[in-house]
Structures are given as structure tokens and as C-alpha cells.
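One-letter residues, chain by chain:
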Amino acid sequence: MSSGAPQKSSQMASGAEETPGFLDMLLQDYPAPLNREDPRPWKAPGMVLSQEEVEGELAELAMGFLGSRKAPPPLAAALTHEAVSQLLQTDLSEFRKLPREEEEEEEDDHEEEKAPVTLLDAQSLARSFFNQLWEVAGQWQKQVPLAARASQRQWLVSIHAIRNTRRKMEDRHVSLPSFNQLFGLSDPVDRAYFAVFDGHGGVDAARYAAVHVHTNAARQPELPTDPAGALREAFRRTDQMFLRKAKRERLQSGTTGVCALIAGATLHVAWLGDSQVILVQQGQVVKLMEPHRPERQDEKARIEALGGFVSHMDCWRVNGTLAVSRAIGDVFQKPYVSGEADAASRALTGSEDYLLLACDGFFDVVPHQEVVGLVQSHLMRQQGSGLHVAEELVSAARERGSHDNITVMVVFLRDPQELLEGGNQGAGDPQAGGRSQDLPSSLPEPETQAPPRS
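Calculation criteria
Residues numbered from 1 in each chain as written. Predicted model: local features only at pLDDT ≥ 70, side-chain atom pairs only at ≥ 80, totals over all residues. Heavy atoms only, no water. Phe/Tyr/Trp six-rings, centres within 6.5 Å; stacked < 30°, edge-to-face > 60°. Helix = DSSP H or I, 4+ residues; strand = E, 2+ residues; numbered from the N terminus. Buried < 20%, exposed > 50% of the residue type's maximum accessible area, 1.4 Å probe, protein only. pLDDT = per-residue confidence, 0-100. Contact = heavy atoms within 4.5 Å. Salt bridge = Lys/Arg side-chain N within 4 Å of Asp/Glu carboxyl O. Expected span 1.5 Å × (residues − 1). Axes fitted to C-alpha atoms, helices over the stretch in contact; angles between N-to-C directions. Parallel < 35°, antiparallel > 145°, perpendicular 65-115°, else oblique. Left-handed = near helix turned anticlockwise from the far one by under 90°. Nonpolar A, V, L, I, M, F, W, Y, C, P; charged D, E, K, R; others polar. Pairing = 2+ DSSP bridges. Polar contact = N/O pair within 3.5 Å; in protein donor to acceptor, adjacent residues only side chain to side chain.

1. What to know about the packing of aromatic side chains
- Under the counting rule described, the total for this entry stands at 13 aromatic pairs.
- With centroids separated by 5.0 Å and ring planes inclined at 55 degrees, the aromatic side chains of F179 and F183 adopt a geometry described as tilted. With F179 and F183 both in helix α7 (residues 179-183), this residue pair falls 4 residues apart, about one helical turn.
- Judged by relative accessible area, F179 falls into the buried class, the value being 0%.

2. Looking at the confidence of the model for the protein chain
- Per-residue confidence for the protein chain averages 87 on the pLDDT scale, and 84% of its residues sit at or above 70.
- Note that residues 4-9 has pLDDT below 50 and, in this model, 16 contacts with residues that lie over four places away or in other chains.
- Across residues 107-112 the pLDDT falls below 50, and counting only partners more than four positions away or on other chains, this stretch makes 4 contacts in the model.

3. Details of the pattern of salt bridges
- The full count for this structure, using the stated rule, is 22 salt bridges.
- For the salt bridge of R236 with E233, the shortest nitrogen-to-oxygen distance reads 2.4 Å. With a gap of 3 residues between them, R236 and E233 both fall in helix α9 (residues 227-249), about one helical turn apart.
- In this structure E233 comes out as partly exposed when scored by relative accessible area, which is 22%.
- Salt-bridge contacts for R414 lead to E418; the nearest nitrogen and oxygen are separated by 3.5 Å.
- We classify R414 as partly exposed; its relative accessible area is 22%.
- Exposure remark for E418: the relative accessible area of 37% places this residue in the partly exposed category.

4. Some points on helix α3 (residues 73-88)
- For α3, which comprises 16 residues, the first-to-last C-alpha distance of 22 Å matches the rise-based estimate of 22 Å (1.5 Å per residue) to within 8%.
- Three or more residues of α3 are buried, namely P74, L75, A76, A77, A78, L79, T80, A83, V84, Q86 and L87.

5. Some details on the packing of α3 against helix α5 (residues 122-142)
- The geometry of α3 relative to α5 is characterised by a closest axis approach of 9 Å and an angle of 120 degrees between their N-to-C directions. The orientation of α3 with respect to α5, classified from their angle, is oblique. Of the two possible hands of crossing, α3 and α5 adopt the one that is right-handed. Residue-level contacts link L75, A78, L79, E82, A83, V84, Q86 and L87 of α3 to L125, S128, F129, Q132, L133, V136, A137, Q139 and W140 of α5.
- Residues that form the contact of α3 with α5 fall into these classes: 12 nonpolar, 4 polar and 1 charged.

6. Digging into the pairing of strand β5 (residues 156-162)
- Where burial is concerned, most of β5 is hidden: 7 out of the 7 residues are buried.
- By the alternation rule, side chains of β5 split into L156, S158, H160 and I162 and V157, I159 and A161, which are all buried.

7. Concerning the pairing of strand β8 (residues 254-263)
- The buried fraction of β8 is high, at 10 of 10 residues.
- Both faces of β8 are covered, namely the face carrying G254, T256, V258, A260 and I262 and the face carrying T255, G257, C259, L261 and A263.
- Summarising the sheet, strand β7 (residues 191-200) and β8 pair through 10 bridges and their orientation is antiparallel. Residue pairing for β8: D198 is matched across the bridge by T256.
- Strand direction decides the pairing type here: β8 and strand β14 (residues 328-329), joined by 2 bridges, are antiparallel. Bridged to G254 within β14 is G329.
- Summarising the sheet, β8 and strand β9 (residues 266-272) pair through 7 bridges and their orientation is antiparallel. Considered in β9, the bridge of A263 is made with T266.
- Where β8 folds back onto β9 in an antiparallel hairpin, the turn is made up of 2 residues, including G264, whose phi is positive at roughly 65 degrees.

8. A closer look at the side chain of S158
- Relative to the elements of secondary structure, S158 occurs in strand β5.
- Engagement of the side chain of S158 in a polar contact is seen with the backbone nitrogen of V389, the distance being 3.4 Å.
- In this structure the side chain of S158 is engaged in a polar contact, spanning 3.0 Å, whose partner is the backbone nitrogen of A390.

Below you can see the structure in the form of C-alpha cells.
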């Protein structure tokens, strides 16, 4: 399930074990639909939503609510999908809100937004959506559809996120093993989605990306045939959507992001900025991507061609401000800070150990090659249990001087016990780490080693 809130303890996003009587308990707690006087069981996502934001925001509400009640992940995702689909088939005009006069003037000032934006009352819509969810739960109480009960791969995912010494927590992350159920995908390809978003200038952009990137990816017609392309388009689309919201609500935040979509036996990754993902295979670090930093020669050339500049002020920055050259949001730094993501794909053979996704608060102080030794030493001490490995990795980053928000997600692709029993090639000194290899790619190498950035 997705997480729009900072998480300070490790968790396991595991498979589809059934929770007996979950729907019975839900309907006992909510024996009737909500009326206007009843408090909502969730906080509405702001005051207004645009039509294009409805699917993602309502799915986030339902998944958060059902997850807090320990719903089995496939059931939570399928129930959410059905409720969202039914609501979107109804007439939503009763929730429509006319834009304020100043908003209409802003629309006129931007020629690219020629179509009027339909804004809906988020408060009333959230209440109506709960009643739709309640109705579906009642329908399913007698017979749960097969899609909601379908067994799926068991995923062990360790996540840890801390504010650290920063005043605010601006990271967000998503762990969504039940991707297919959430979007009603019925083809035979199993899919799971994981992401980390590192916000700056506020949390709005990171939260927005954690809600909408995977929703936009699922909407792309090319998802079954070109998942990497669908992820790139999802980042671009989410950036466009957030820029419209930022102009309406006068938001200035931005976010880097990295996501991994495992579709069948293929791994697809996409990224903007300096959040990163690495793959560890038989104790070797496989480099999947090159982060977007202003000092990269191609990024510097792109920015300068647009009339911007890159300067060094404690680290390399775009126009003397941002330390990343691509991000969702940052409305006043467009087009120098690009919203175009890069993506890569890799076939999985079954010999892969795990994925690690993290923000720059981790990777600025922990080199790729040291990850393997840290994970291996943790597994040895914990007798093959990987549930809290992310917590140890975050602690290692703090001990090495990171003051930034830190989010680490470890997605195990094999049973951690196998990594001990199989004689992992990367075992040993945490400082030595494992060998590394690069994924064949046309991505350019950075011009210089990037220093830690604030």
C-alpha cells in the first residue's frame, strides 16, 4: 500500500494471508453509511480536487484506511479499486466548485492551460466515497470476488524513515505489492511497485508524487508493452498535474523520486533527481541508474542551453538554488529543473538478492559498495531475518554524519535466509562491501563526485 506519511519503523509488506471476518468487522464498526453529521473516518485531501486527481486521491484514502485496519493487501486493493471505479461512473457534478475569481485570472495568464479546470469539493467527495466503499463492502460480505482473494507473491519489504535533524519530514514512500488489484489489471503478469520521494521546500510535491505517479502509470495504455515508457510518462504527467495545483494553491515545493516496478520477470526503474535505487545480485552491486545532478555534463549543458546556469555554492546548484537538476514541481525553476524522468529495464533471473531504494540523505554518506556488507552483517546477527535491515541502514547513515531526512526501503527478491546459506559473495567487512557491476546503459557518467548536499 502507499504511504503518504513519514514512517519511523521497519515494516513487512507481505502476501495475501486472509484476515477472517475482515468485512464483518468493518461493517460492525460502520453499520450504516455516513450522514452529513457523522465524522469522516479519514481526513479529506485538501479543500478541492481537480477531476484528474480524484482517482489517485480517493485510492490513497481507502488504502490508508483499510491498511490501518489490517486488511489483507489484495482485499484492500481490490475493494479500493471497485469503490473508486463505481464512484467515477457516477455524476460528480454535484461536487463541482466554481473557481475563485483570482484562479480564473491565473488560468487566463497561462496559454498552455486552455481547457477549464474542473474543481470538486474534496470534503463532500470524501464522505460520498466512504459510503461507496461501505456499499461495496456490504456487497462483498456474502461473496468476496476471486481477484480480492487471489494469492500473490510473498514480499518481504523493510522500510525505515526518519526526520533526522531537519525541522520537517519531507520524504514519502510507497510499497504496493498489490498493484494489479488496485488498478483492476487482470492479465497474467504479476506487478509490484515501490518508490521513494525526497521533497524539498515543503512536503506537498513529495506527497503528491507518492499518490499520483503509480496511478498515472497504471493509466498508460503502453503499460503492458512498454512499462519503462509508462513510468516515464507517469512522472511527466504527475509533474504537469502538480504544477497546475502549485499555481492554484501557490505552492513552491518540489521532489526527486525513484520507483521500481517489478512486472513478471523484469525490473523497470524510473527516476528524477538524486534519489537512487540499486540492485544486489549474488553479493554484487548492480548499478541501474545515474542520478540527475547539476554537475553532470549533459545536465549542465541542457540547463545552459535554456538560459540558466550551474554554480558551486557548497555544492553544485541550478541557478544558485537547487542541488538537483530534475524534479517534480519547483514551479519557479521550470524549465531548468526538468520534469522528464529517465528509465531503465533489466531481466530478472531469480539470482537477485534485493533492491535498495533511498533518498540522498542515505546515499550521500553510504557508498553503493558498502551496502552489501552492512546488509550481510545485519542478516548474520539477526539469523537471516531482514525485517529490520532498513532501520540499521538508516542508523549507519546517521552515524556517518547525515543530517538530512533519511528513507531506506529494502525489497528482498530472495529469502534473506538464502543469502546466508548460499554463501553470499558480498559477505564480510562492511567497509569492503561487495563487487559492483554496471547495467549496460547509455547513461553518462557524472563529471565529478558529488559532495553531500543540503
